[in-house]
Amino acid sequence: QVQLVESGGGLVQAGGSLRLSCAASGRMFSNYVAGWFRQAPGKDREFVAAVSRIGGVTKYADSVKGRFTISRDNAKNTVFLQMNSLKEEDTGVYYCAADRTIVAFDTEKSYNYWGQGTQVTVSS
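Note that the structure is a prediction, hence the values are computed from the model and not measured.

How each quantity is defined
Residues numbered from 1 in each chain as written. Predicted model: local features only at pLDDT ≥ 70, side-chain atom pairs only at ≥ 80, totals over all residues. Heavy atoms only, no water. Phe/Tyr/Trp six-rings, centres within 6.5 Å; stacked < 30°, edge-to-face > 60°. Helix = DSSP H or I, 4+ residues; strand = E, 2+ residues; numbered from the N terminus. Buried < 20%, exposed > 50% of the residue type's maximum accessible area, 1.4 Å probe, protein only. Lys NZ or Arg CZ within 6 Å of the ring centre and 35° of its normal. Pairing = 2+ DSSP bridges. Contact = heavy atoms within 4.5 Å. Polar contact = N/O pair within 3.5 Å; in protein donor to acceptor, adjacent residues only side chain to side chain.

Draft legend 1. Just the packing of aromatic side chains, in detail. For the coordinates displayed, the defined rule picks out six aromatic pairs. Pairing phenylalanine 37 with phenylalanine 47 gives two aromatic rings, centres 5.6 Å apart and planes at 75 degrees, and the pair type is edge-to-face. Separated by ten residues along the polypeptide, phenylalanine 37 in strand E4 (residues 33-39) and phenylalanine 47 in strand E5 (residues 46-51) bring together distant segments of the chain. Among the residues examined, phenylalanine 37 registers a relative accessible area of 1% and is labelled buried. Ring centres of phenylalanine 37 and tyrosine 111 lie 5.4 Å apart, and the angle between their planes is 75 degrees; on these two criteria the pair is classed as edge-to-face. Placement of the pair is phenylalanine 37 in strand E4 and tyrosine 111 in the loop between strand E9 (92-99) and strand E10 (113-114), with a sequence separation of 74 residues. Assessed through its relative accessible area of 3%, tyrosine 111 is described here as buried. An aromatic cluster of at least three residues, connected via ring pairs, comprises Phe37, Phe47, Tyr111 and Trp114. Sitting over the face of the ring of tryptophan 114, arginine 45 holds its NZ or CZ atom 4.7 Å from the ring centroid.

Here you go:
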């Protein structure tokens, strides 16, 4: 069992940067794969990025490769998403997700634990 709380969202102009944080409770956060998903208005939730249990493997959606970086600090029970060169299309609610066992890093149904989401709005 793990509880997740996102923070760091806000309003930013295109080309700017934001750093999202996901604070996790729990006994051994290193046992959990973690990921970020987002949902734009009127659209389905989509995969953004994921990181393996101790950070050795990462996976990104094609739309954010080269711009976003996912990382984790298990000593601090925290997962980060550094977002650079933001575009209007990055606007949406960003959710942190985690689970002990993941079949597919980019599949929403693989994750059983979710945060409440944090709003990211990118303006031109």
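Draft legend 2. Local environment of unusual backbone geometry. Although it is not a glycine, asparagine 77 sits at a positive phi angle of roughly 55 degrees. On the secondary structure map, asparagine 77 appears in the loop between strand E7 (68-73) and strand E8 (78-83). Here the phi dihedral of serine 85 falls at roughly 50 degrees; this positive angle occurs in a residue that is not glycine. Within the secondary structure layout, serine 85 lies in the loop between E8 and E9. A residue is classified by how much of its surface remains accessible, and serine 85, at 41% relative accessible area, is partly exposed.

Draft legend 3. Local environment of the pairing of E5. When you tally the buried positions in E5, you get five out of six residues, the bulk of the element. Strand direction decides the pairing type here: E4 and E5, joined by five bridges, are antiparallel. Note on E5: the bridge partner recorded for tryptophan 36 is alanine 49. Count of turn residues in the E4/E5 antiparallel hairpin: six residues, of which glycine 42 carries a positive phi of about 75 degrees. Examined bridge by bridge, E5 and strand E6 (residues 58-60) share three bridges and lie antiparallel to one another. Residue pairing across strands places alanine 49 opposite tyrosine 60, the latter belonging to E6. Here E5 folds back onto E6, and the loop between the two strands holds six residues, one of which, glycine 55, carries a positive phi near 90 degrees.

Draft legend 4. Summary view of the environment of arginine 38. Locating arginine 38 in the fold gives a position in strand E4. Arginine 38 sits 86 residues away from serine 124 along the chain, and the two C-alpha atoms are 20 Å apart. Not counting residues up to four positions away in its chain, the partners in contact with arginine 38 are Asp44, Arg45, Glu46, Val48, Ser63, Val64, Phe68, Glu89, Asp90, Val93 and Tyr94. Polar contacts involving the side chain of arginine 38 include one to the side chain of aspartate 90, which spans 2.9 Å.

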